[in-house]
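Read off the chains here:
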Amino acid sequence: MELKARLLESSRAMQDELVAFRRYLHQNPELSLDLPITTKFVKEQLIAMGYEPQDCGKSGIVAIAGGQRPGKVFLIRGDMDALPVEEAADVPFKSVNGNMHACGHDLHTAMLLGAAKLLKAMEPDIQGQVKLMFQPAEETLAGAKNMIEAGVLKAPDVDAAMMIHVMTGFPLPAGKVIVSQAGLTAAASDWFEIHVQGKGGHGAMPNNAVDPINAATHIFQAIQTIHSRELAPGQAVALTIGKFVSGTTSNVIPDTAHMYGTLRTYEPETRTFVRERLEAIAKATAEAVRATAEVKIVDGCPALNNDAALVESTRTILKELLPENDLLDMSVLTGGGKMSGSEDFAYVSEKVPTVMLGLSAGNADEGYRFPQHHPKAIFDESVLSTGAAVYAYAAARWLDEHSKA
Ligand SMILES: [Zn+2]
Ligand SMILES: [Zn+2]
């Protein structure tokens, strides 16, 4: 039987098993780099399939399929972490521990396990090697970096890499596969804090005090002008203060004010420029009203860069596998623009050619009304076998195409 028919048939046959994997993970969601139950489960499954899974960094797991024939190395990644959200979805396999797989990473882990099983069954035919990357801490943007530092892209060296993210609540029917456009898509993300030091005093005598709320509100306004006055109109930036803390009561001028925000950018130069201006403007504005400001910026992750040639070959390869209407371009969602969400697979995209895929797992018309990260978010499990087949087929066919001399 040809590869495509064989993979589709085998992936459909394992649908119930993938649902069981996913539900177990869904009931036991864990956070960030601390995934003892999840990693134990993944390793047990891989061992049962005949793999020798290796630990990679904190809570990362790597397994390799193929290697019997010479060729290149293709990496497929599934993230495994959940969110500190109390689940409010009405499902029979509800989370038991106060966290929630509200982003669908439980589906990714199950799909990658499915791909592992498919690839094991066709191992003698794999032209090169497929590296399976089970990643922790995507939500905290620490997992990919942690695994790269632990050597996930080395020995054997990875030539190209792919990830899939499920999507719920988007206006697309379940089962559609979306290939990102080439170039920078998901945004770079940084956190920042601005701490304003004033001088507290009596609300009736502001002249004897230095009001940090006054300084902070000036800073709040002034940093928004970076985007509108200092960058070209085409430059996309999101700069949001999501937390603003100061004071205790109405007639006391407090000592300090604190702001916490997030910054999303695409081009590295823009990212550097906005970070520098944010700090300079905050300090100078505070001084203008007799206060001082300290700015702390924490690296989140860079923007995700999809490799043009890999995007093209992935699209061509998936056209073989999927019905024509099931393969879409990311522009159906973004109108040709970029996503302002972030994805720490970006760290991988800095090192090797990568491509990001989306897999639609239900829309509002189908009853999947809530967006990801929402406590009521639900996902259509019927896409699990599709996801497993896409992972395995894309990897195996890319290796076929690229391992011939
Ligand atoms: Zn998420
Ligand atoms: Zn996610």
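Definitions and limits used
Residues numbered from 1 in each chain as written. Chains lettered and ligands numbered in written order. Predicted model: local features only at pLDDT ≥ 70, side-chain atom pairs only at ≥ 80, totals over all residues. Heavy atoms only, no water. Phe/Tyr/Trp six-rings, centres within 6.5 Å; stacked < 30°, edge-to-face > 60°. Helix = DSSP H or I, 4+ residues; strand = E, 2+ residues; numbered from the N terminus. Buried < 20%, exposed > 50% of the residue type's maximum accessible area, 1.4 Å probe, protein only. Lys NZ or Arg CZ within 6 Å of the ring centre and 35° of its normal. Domains from an automatic or database assignment. Contact = heavy atoms within 4.5 Å. Buried area = accessible area lost by both parts, 1.4 Å probe. Salt bridge = Lys/Arg side-chain N within 4 Å of Asp/Glu carboxyl O. Polar contact = N/O pair within 3.5 Å; in protein donor to acceptor, adjacent residues only side chain to side chain. Donors = N, O, S within 2.8 Å, 3.2 Å for Na, K, Ca; no water. Tetrahedral: all angles 85-135°; square planar, octahedral: opposite > 155°, others 65-115°. Pairing = 2+ DSSP bridges. Axes fitted to C-alpha atoms, helices over the stretch in contact; angles between N-to-C directions. Disulfide = S-S within 2.5 Å.

Right, let's talk about the packing of aromatic side chains for a bit. Overall, the coordinates contain 3 aromatic pairs when judged by the stated rule. Centre to centre, the rings of Phe74 and Trp398 are 5.2 Å apart; their planes meet at 45 degrees, and the pair counts as tilted. Of this pair, Phe74 sits in strand β3 (residues 69–79) while Trp398 sits in helix α11 (residues 384–403), placing them 324 residues apart in sequence. The same class applies to Phe74 as to Trp398, namely buried. The ring of Tyr51 has Lys120 lying over it, and the distance from NZ or CZ to the ring centre is 4.5 Å. In this arrangement the basic side chain of Lys243 is found over the ring face of Tyr260, its NZ or CZ atom lying 4.6 Å from the centre.

Our focus in this paragraph is the domain arrangement of the chain. Under the domain assignment, the chain is made up of domain 1 (3–187 + 303–403) and domain 2 (188–301). If you average the C-alpha positions of domain 1 and of domain 2, the two centres end up 38 Å apart. Residue-level contacts link 15 residues of domain 1 with 9 residues of domain 2. Where domain 1 abuts domain 2, roughly 930 Å² becomes buried across the two surfaces, and 62% of that area is made up of carbon and sulfur atoms. Of all residues in domain 1, Leu141, Ala187 and Lys338 give up the largest surface area on contact with domain 2, accounting jointly for 41% of the area buried on that side. Where domain 1 touches domain 2, the interface holds 0 salt bridges. Counting across the domain 1 and domain 2 interface gives 2 residue pairs in polar contact (both at pLDDT 80 or more).

Now for the coordination of the zinc ion (ligand 1). Donor atoms from the polypeptide that bind the zinc ion (ligand 1) are Cys103 (SG), Glu139 (OE), Glu139 (OE) and His373 (NE2), placed at 2.0 to 2.7 Å. Of note is the zinc ion (ligand 1), whose 4 donor atoms meet at the metal with angles of 52 to 146 degrees in an arrangement that counts as irregular. Donor residues for the zinc ion (ligand 1), ordered by position in the chain, follow C-x35-E-x233-H. A distance of 3.1 Å spans the gap from the zinc ion (ligand 1) to the zinc ion (ligand 2), which Cys103 bridges by coordinating each metal. Here Glu139 is found in the loop between β4 (127–135) and α5 (143–149), whereas its partner His373 is found in the loop between β16 (354–360) and α11, with 234 residues between them in sequence.

Overall, antiparallel pairing links the 4 strands, which are arranged β10-β12-β8-β13 in an open sheet. With partners counted over all chains shown, the strands left at the sheet margins are β10 (238–246) and β13 (292–301), one partner each. Averaged over all pairs of adjacent strands, the angle between their axes in this sheet comes to 15 degrees, without regard to strand direction. Of the pairings in the sheet, the one linking strand β8 (residues 188–197) to strand β12 (residues 256–265) comprises 10 bridges and is antiparallel in character. Opposite Trp191, over in β12, you have Thr262 as the bridge partner. Sheet contacts for helix α6 (residues 212–230): β8, β10, β12 and β13; angle to β10, the most-contacted strand, approximately 175 degrees.

Turning to the state of the cysteines, a few remarks are in order. This structure, assessed with the given rule, holds 0 disulfides. For the unlinked cysteine Cys56, the closest cysteine sulfur is that of Cys301, found at 18 Å. Among the residues examined, Cys56 registers a relative accessible area of 6% and is labelled buried.

It is worth spelling out the side chain of Ser95 at this point. One can find Ser95 in the loop between β3 and α4 (105–121). Ser95 gets classed as buried once you look at its relative accessible area, which sits at 15%. A polar atom in the side chain of Ser95 sits 3.2 Å from the side chain of Asn97. A polar atom in the side chain of Ser95 sits 2.6 Å from the backbone oxygen of Asn99. When neighbours within four sequence positions are excluded, Ser95 is seen to be in contact with His26, Gln27, Pro29 and Glu87.

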